[in-house]
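Fold and geometry: a report
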Amino acid sequence: MYEIISMKELAPKIKMVEVKAPEIAEKAQPGQFIVVRVDRNGERIPLTIADYDAVRGTVATVFQEVGVSTEKLGGLKPGESVMDFVGPLGTPSEMASFGRVMMVGGGVGVPPLYPQARVMRKLGNTVVSIIGARTADLLVFEEEMRAVSDELHIATDDGSRGFKGFVTDLLRSLIENGPKPDRVIAVGPAIMMKAVSDVTRPFNIKTIVSLNSIMVDATGMCGACRVSVGGRTRFTCVHGPEFDGHEVDFEELMARLRTYMEREKASLRRYKESQRGG
Amino acid sequence: MPKQSPEARVRSFEEVALGFTKEQAVAEARRCLDCPKRPCAEGCPVEVEIPEFIRLVANKDFEGAIEKIKEKNSLPAICGRVCPQEDQCEGQCLWAKKGQSLAIGALERFVADYEREKGVEPPPRPKRSGRKVAVVGSGPAGLTAAAELARKGHTVVIFEALHGSGGVLAYGIPEFRLPKEILQAEVNYIKSLGVEIQTDKVVGKLYSVRELLAKGFDAVFISTGAGLPHFMNIPGENLNGIYSANEFLIRVNLMRAYKFPEYDTPINVGSRVVVVGGGNSAMDAARCAVRLGAMEVAIMYRRSREEMPARLEEVLNADEEGVRFEMLTLPVRFIGDDRGWVKAIECLRMRLGEPDSSGRRKPVPIEGSEFTFPVDTVVVAIGQGPNPMIPTSTKGLEVDGRGAIVINQETGLTSMKRVYAGGDIVRGGATVIEAMGDGKRAAKAIHEQLSRT
């Protein structure tokens, strides 16, 4: 059992949970993820680490309540526990002095960029961040990102905050009108990471994306998270989650992400009815 | 041994084999010829004194019989169920030549179940040696090594990556062959010997093997299994609806997807399922698919039925449960629909040619025999390789071309001092009992190391 230290609602349906896990906190590196299983009947859900604090012994992750498992997780209070909390998993982000690094985050993809940006900046990079959401209410980790970025740009689909449009529109204009970045790192919905990769490809800018494939064991045993990268099948859980965005077959990734959509919808309906029924 | 009827069992995940009654067990034990050469015991990788325990059963001393087994084997209820006895003890039995060998596995299972139902006494704890051993992975090799070392008074901690203990016994073998309750009881017995099991601990990520040694463990035993699923590497293999056997079985067994939505992990089965492969995992996956409600389940294998590596008993069970055998058939391509779901397999018919290096006749494609096989779900069960987690995270640990850890065959010692390995991380995909034999042998060598230093 792993104790919940805090549970904060950052935006409607978007929460940050901080869990007591001293050994993981000590080992975690940017880009890695954890697997959480809420209760005895729970599924194993992979969530990218948003922050870790070796001194306090805590690991934080930000998630959106989209299904039964994330609803259950979001319903927990500080002092309560999750059944399992496993990590740190996956290969850490490549951290080096690249020069000018652009961080592009969408929705719940913004928090995982935070530890990366923090380390990138320490390594002497100029960190330019572009964060976005559908609307201003759904924008998260703005202050955190501002604290670790040299420049912070905001985009919302409806223009309720910052630039009106997609993060990719903003990215294109920054690339066209400013110094060319040496590396772009994008975390967000698959469709956004695909769009970012499409924007940077003609400019030949190395673009790293963090994939959110479906996983079960998340240690390389099941292959649920397999994805074609440069024509080769890779496992997101151990070879990734970060890959070269120009090599990822996003169509395949997006199809695979829909594998359990029907079942998950039915299960969520059932769960909500049971919650209402008391 | 009595079994549930095929009609009843295809509707539930309850255990198929029902086990002997006391009377049946005694009558079976009395068939033992008590031959002086004891060929059955020779065939046992963990050296159970088979004639001796059989004699105790014949004399109705069931407690004495289970004690006799446990001197050598800490997982009797599991071995009685999943060992390939026909290739080991029962295969060597004199009766085997004259018709039906003595049902040694069923008798082992009987006395183990007898004891469990009565309540297992925890054995007296030996004097503590003050030495510590880390075991990585809680499958059959790890559990056996841990039990043997704990009996010698060493402190043993097992680090398990998953949330449940048992390794392949938990994630690979279905409930209807090995009920989880029985696994749990045997794991609890091993804990009662003083073994500590820490789940959710991924060695290779959370700590390295070297860190374990630096943390005060005097030796490390690596038993992380054959966790790497093999795929066919043919076009369309990443379409939705195509599972590795590992994924399919982990969802069903460890995550209990057969109880979705009571359990949160989903699985898709559809009405037509093809399982590619001829081993025990293929049979397990096919039989799970039947129970999950598929209308048609077929095993597709490139050789003929005789060459299938699965246990004969499991092939017969699958057959009785309505699984079709599409033999001498090779998938060459998966065909998807416009939404990315598999809808058919393009296959080739094969014929058997000359024997290959394995001694089995090599399947050769028949020209122009292409045909398509409609499917909703495919399970790729063509085998698995050694789990790369430890080898890739441990510099200086020697592995062979397949990624299996290289060991000294006598001791289980790896290329690193104080680091031992056994089970499928060394063998790449063998049996539960062979893994247990490895665990036992390494435990003996570790104990000798600890006694020397």
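Residues numbered from 1 in each chain as written. Chains lettered and ligands numbered in written order. Predicted model: local features only at pLDDT ≥ 70, side-chain atom pairs only at ≥ 80, totals over all residues. Heavy atoms only, no water.

1. Some details on the interface of chain B and chain A
Taken residue by residue, the interface counts 43 residues in chain B and 48 residues in chain A. Between chain B and chain A, a total of about 3700 Å² is buried, with carbon and sulfur atoms accounting for 50% of that surface. In terms of surface lost to chain A, no three residues of chain B exceed Lys205, Asn238 and Asp264 of chain B, which account for 19% of the buried area on that side. One can count two salt bridges joining chain B with chain A. Here Lys27 of chain A ties to Glu211 of chain B by a salt bridge, and the two come within 2.7 Å at their closest N and O atoms. Remark: the boundary between chain B and chain A carries 26 residue pairs in polar contact (both at pLDDT 80 or more). Elements that contribute at least two residues to the side of chain B that touches chain A include exactly β5 (228–229), β6 (242–244) and α14 (245–254) of chain B. It is α14 of chain B that provides the largest number of residues to the side of chain B that touches chain A, a total of four residues. (Contact = heavy atoms within 4.5 Å. Buried area = accessible area lost by both parts, 1.4 Å probe. Salt bridge = Lys/Arg side-chain N within 4 Å of Asp/Glu carboxyl O. Polar contact = N/O pair within 3.5 Å; in protein donor to acceptor, adjacent residues only side chain to side chain. Helix = DSSP H or I, 4+ residues; strand = E, 2+ residues; numbered from the N terminus.)

2. Some remarks on the domain arrangement of chain B
All names here are of chain B. Its domain assignment divides chain B into domain 1 (6–118), domain 2 (132–227 + 385–452) and domain 3 (231–382). Here the C-alpha centre of domain 3 lies 32 Å away from the C-alpha centre of domain 1. If you look at the interface, domain 1 gives twelve residues, while domain 3 gives twelve residues. Summing both sides of the interface, domain 1 and domain 3 together bury roughly 970 Å²; the carbon and sulfur share of this comes to 53%. Taken together, domain 1 and domain 3 are joined by three salt bridges. Between Arg9 and Glu320 there is a salt bridge; the shortest N-O distance is 2.6 Å. Here domain 1 is connected to domain 3 by eight residue pairs in polar contact (both at pLDDT 80 or more). (Domains from an automatic or database assignment.)

3. Thoughts on the side chain of Arg44 of chain A
On the secondary structure map, Arg44 of chain A appears in the loop between β3 (33–37) and β4 (45–53). Buried Arg44 of chain A, no salt bridge; nearest opposite-charge side chain is Asp200 of chain B, N-O distance 4.9 Å. Engagement of the side chain of Arg44 of chain A in a polar contact is seen with the backbone oxygen of Asp217 of chain A, the distance being 3.2 Å. (Buried < 20%, exposed > 50% of the residue type's maximum accessible area, 1.4 Å probe, protein only. Lys, Arg positive; Asp, Glu negative; His and termini not counted.)

4. Remarks on the pairing of strand β13 (residues 371–374) of chain B
All names here are of chain B. Burial along β13 is one-sided: the residues Phe371 and Phe373 are buried and none of Thr372 and Pro374 is. Bridging between strand β11 (residues 342–355) and β13 involves four bridges; their strand directions are antiparallel. Bridge assignment links Glu346 to a residue of β13, and that residue is Thr372. (Pairing = 2+ DSSP bridges.)

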